[in-house]
Every structure is written in structure tokens, then in C-alpha cells.
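# A structural walkthrough
Residues per chain are reported as follows:
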Amino acid sequence: MKLPEIQRRKTRGVTVGGVRIGGGSPVSIQSMTTTPTADVAATLEQIDALACAGCDIVRVAAAAPADTAALGQIVAASPVPIVADVHFRFQRALEAIAAGVHKIRLNPGNITDRQAVREVINACKDAGIGIRVGVNEGSVMDRTDPARQAEQLKKPLDELMVETITDYLEVFIEADFHDLVLSAKSHDAITTIAVNRALSERFDYPLHLGLTHAGTAATGMVRSVAAVGTLLAEGIGDTIRISFAGDPVAEAVAAKELLASLRLRRRDRAEIIACPTCGRTEADVAALAEEVRAALADVKQHVLVAVMGCIVNGPGEAEGADAAVCCGKGKAAIYREGKYIRTVPEEKIVEALVTEVQALVEKKS
Ligand code: SF4
């Protein structure tokens, strides 16, 4: 059966190490390390974990000279391109570029001196790398000028963010520098959607989608998916970050799941689906699905595995799965490619599913 696909908007392409953002390339996944960048071993360990979880590009904070001094080693050993996140001090950008990073992120709210921006642009031109102009809702207000701030407060936040980016881009356009990625992040999903729709209308630079200070895992993930998922479904967005306070590896896993759910990324692992359970359920479906997920974690191919809570509706609802288990009381029926295979006692369910999945993987490869 043919399924509908997202029609993505055309943007310019920007190369970040071995990854292309925009220009029709697949939507890439980004996250950011939480370790002090100056701690090379800890930062590389987190970058490796992020890469294993599906992260295509990793951003690190370039806050102090000790951080940029560590970047040479980090870039050399990283399995994925590295972006230096620069705020307030443009010198950190120049040091990071000299250390070989693959992209710079500048915040228009706190690197405002045009001559400083020109120096960063020239260094990026010489190094052949791009710049993300990334505005956050917290840095668009001019707190140094009360009269200007009063004017700014009269405008909707999304318009203010677009205006901030548009003004900032003047210096890049004057310098004929177009290796740009744009981002505008709010903690509010609706604002993030509105501002990115507007940016997408106004510019053909690729967009980095995400939220800022979105919350802890439960709220941050849902807010991120609400905003980023809506925009992606409209064809907007070239690279994404799911953002919440906590382990960044979980951000990358969530981002990968979002892209796969929207068929913007092919699944290359076992995909576990499970019924929501109801009064007919005679097994602990949530615990079983988690056990099945862990048992199939090493499968490097897409296999759809369904864990269903009853034998009444389970077989029909799991029809499209490659392998399925439909639980009864103390036992379960195992299915492969829609066909009943056998019934096993509950303690043998995971083992039986692993056997069926192995057979499927062998058949597919
Ligand atoms: S598959 Fe069975 S147990 Fe699960 S939700 Fe449907 S009817 Fe309920």
C-alpha cells in the first residue's frame, strides 16, 4: 500500500564536516554535550554515545579559552562533525575555527559588534565552514536601552525574532556569505512554529529546528515533538534537536524516533510496537515490551515487532508486524509475517520472539 510522504521545502545546502544540511539532504539529528568541553575524555565519551544513538552532528560549548584549547583533540577523535557554540566572546569563535570545528553557532543577541561578526565570517570563509545564526527568545530584547525595549515589547515575540535574524543577516549578505543555517528557538511550541514558518517564507537558508529551555524529559520532549513535528510535517526544517534537561543521548533517541515516525529517516533497528492494553489484557504488556526491546537491541535491521495484550483483537491489530506476540493468561501465541507459529508459556515469550526475529533477519539479508 502506498503511503503519503512529506513534501520538503527546498533550501540551500550547507556542508558540516561529512554531513550536508539542507539542499534536499536527509534531516539530520543534532544534540549538545553537557560535559565541560575542556574535559576532552568526558566530552568524547558523550560524543561517541550520541553518535551511537543516531546523532549526526554534535555541538559543544566554547565558553572559555580552555574549551577552545580542547577542540583540536575533540575534532580529531570525534566520529561526527563538531559545532562550536559561541556566546558573548567572538574570540572563542576564532579559536574554535582555528581548532578545526566544522561549524560555528553565533547568537545574534550577544555577539552584536558588526566588526567582530565580520572577523568570524572571514575566518569561516577561509576555513570553508558554515555558521548557524541562532536566536533564542531570551536574547532578543535589548535590555541596555529601555526605550527600545519598550518598543520591542509591543511586538509579538515571533515577529521580533524574525526581525532580529533579518537585521543580523545584513552583515553576512554584505560579505556575500551564504553558508548559513538559521534557528529561532522559544520554550513555547506555538511561537517556535510561527517563527520558523516565517523564516521559511523569507529565506532559503536551511533551518535548524528546536526549542530552548523546554523542560525536563516529559515536558521538554512533548513540547519539542509538538513544535518540531508540526514543522517537519509541513516540510519545514533541515536539521533538528529535541531538547530537554537530562541525558542528551535520550534527545538523540527521541529525535531519531520522530524522524522515523514521519518517514524522514529509515529505521535500521527493531521497532517495537505495543497495544495500549485494556480490560481484556491478561499480561504485563509494558514490562514485556521493554524486555523484548532489550532482547532485540542488537538487531541492525528494521523488523516490526508487536506486543499485544490479548488473543481477541491482538492478531488482527498486529497483522502488519513482521513478528508478534498476543498474550493470553500464562501463555502467548507467536506470529511471524501474520501467520500463527506456535503457543509458548509466558517465560518463553521473549526467547520465542528472538528466534522468529533472527529467522526474519536471515531471510531479509
Ligand atoms: S490488543 Fe487486546 S488487550 Fe490490547 S488494547 Fe487491543 S483489545 Fe485490549
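Since the model is a prediction, treat every value here as computed from it, not as a measurement.

Cut-offs applied
Residues numbered from 1 in each chain as written. Predicted model: local features only at pLDDT ≥ 70, side-chain atom pairs only at ≥ 80, totals over all residues. Heavy atoms only, no water. Domains from an automatic or database assignment. Helix = DSSP H or I, 4+ residues; strand = E, 2+ residues; numbered from the N terminus. Buried < 20%, exposed > 50% of the residue type's maximum accessible area, 1.4 Å probe, protein only. Contact = heavy atoms within 4.5 Å. Core = buried A, V, L, I, M, F, W, Y, C linked by side-chain atoms within 4.5 Å. Expected span 1.5 Å × (residues − 1). Pairing = 2+ DSSP bridges. Axes fitted to C-alpha atoms, helices over the stretch in contact; angles between N-to-C directions. Right-handed = clockwise from strand over helix to strand, strands pointing away. Salt bridge = Lys/Arg side-chain N within 4 Å of Asp/Glu carboxyl O.

Assigned domains of the protein chain: these are domain 1 (13–261) and domain 2 (270–364). Each of domain 1 and domain 2 has a C-alpha centre, and the two are 40 Å apart.

By secondary structure assignment, the location of Q152 is in helix α5 (residues 146–153). Residue classification places Q152 among the buried residues on the basis of a relative accessible area of 5%. As a C-alpha pair, Q152 and V101 span 51 residues in sequence and 35 Å in three-dimensional space. Excluding residues within four positions of it along the chain, Q152 makes contact with V140, M141, D142 and L160.

Here we come to the nonpolar core. If you look at the biggest cluster of nonpolar residues, it comprises 77 residues, and the most contacted ones within it are I104, L106, I131 and F172. No other element matches helix α6 (residues 157–174), which puts eight residues into this core. When sequence neighbours within four positions are dropped, the list of residues in contact with I131 reads K103, I104, L106, V120, I121, C124, F172, F177, D179, L180 and V181. Grouped together as the second largest cluster of nonpolar side chains are 22 residues, V307, C327, V344 and V350 included.

A separate point is the environment of R293. Locating R293 in the fold gives a position in helix α10 (residues 285–295). By relative accessible area, R293 is classed as partly exposed at 41%. Spatially, the C-alpha atoms of R293 and E282 are 20 Å apart, while their sequence positions differ by eleven residues.

With that settled, the discussion passes to helix α1 (residues 40–52). The periodicity of an α-helix, 3.6 residues per turn, causes residues three or four positions apart to be oriented the same way. Its 13 residues give α1 an end-to-end C-alpha distance of 18 Å, which sits within 8% of 18 Å, the value for a rise of 1.5 Å per residue. For α1, the secondary structure elements touched by its buried residues are β3 (28–32), β4 (57–61), α2 (65–77), β5 (82–86) and α9 (248–261).

For the rest of this paragraph, the subject is the sheet that holds strand β11 (residues 270–274). The strand order across the open sheet built from five strands is β11-β12-β13-β14-β15, with neighbouring strands paired in mixed fashion. The sheet is open, and its two borders are formed by β11 and β15 (339–345), each paired with just one other strand. Strand after strand, the sheet turns through a mean of 20° between neighbouring axes, direction not considered. Relative to strand β14 (residues 331–336), strand β13 (residues 323–327) runs antiparallel, the two being bridged by five bridges. Within β14, the position partnered with C327 by the bridge is A332. This element, α10, spans β11, β12 (303–308) and β13 of the sheet and lies at about 155° to β12. Seen against the sheet, helix α12 (residues 349–364) touches β12, β13, β14 and β15 and runs at an angle of roughly 5° to β14.

This next bit is on the pairing of β12. Most of β12 sits out of view: six of its six residues are buried. In β12, alternate side chains face the same way, and those of V303, V305 and V307 on one face and L304, A306 and M308 on the other are all buried. Note: β11 against β12, five bridges, orientation parallel. Considered in β12, the bridge of I272 is made with V305. Considered for its hand, the β-α-β crossover made up of β11, α10 and β12 is left-handed. Here β12 pairs with β13 via four bridges, running parallel. Residue pairing for β13: A306 is matched across the bridge by A324.

Turning our eyes to something else, we now look at the pattern of salt bridges. Counting across every chain of the model gives 23 salt bridges. Across the salt bridge formed by E5 and R263, the nearest N and O atoms sit 3.5 Å from each other. Of this pair, E5 sits in the segment before β1 (13–16) while R263 sits in the loop between α9 and β11, placing them 258 residues apart in sequence. E5 gets classed as partly exposed once you look at its relative accessible area, which sits at 46%. The class for R263 is partly exposed, based on a relative accessible area of 38%. Between K256 and D268 there is a salt bridge; the shortest N-O distance is 3.6 Å. Residue K256 is located in helix α9, and its partner D268 is located in the loop between α9 and β11; the two are separated by twelve residues in the primary sequence. Judged by its relative accessible area of 16%, K256 is buried. Residue D268 is classed as partly exposed on the basis of its relative accessible area, which comes to 34%.

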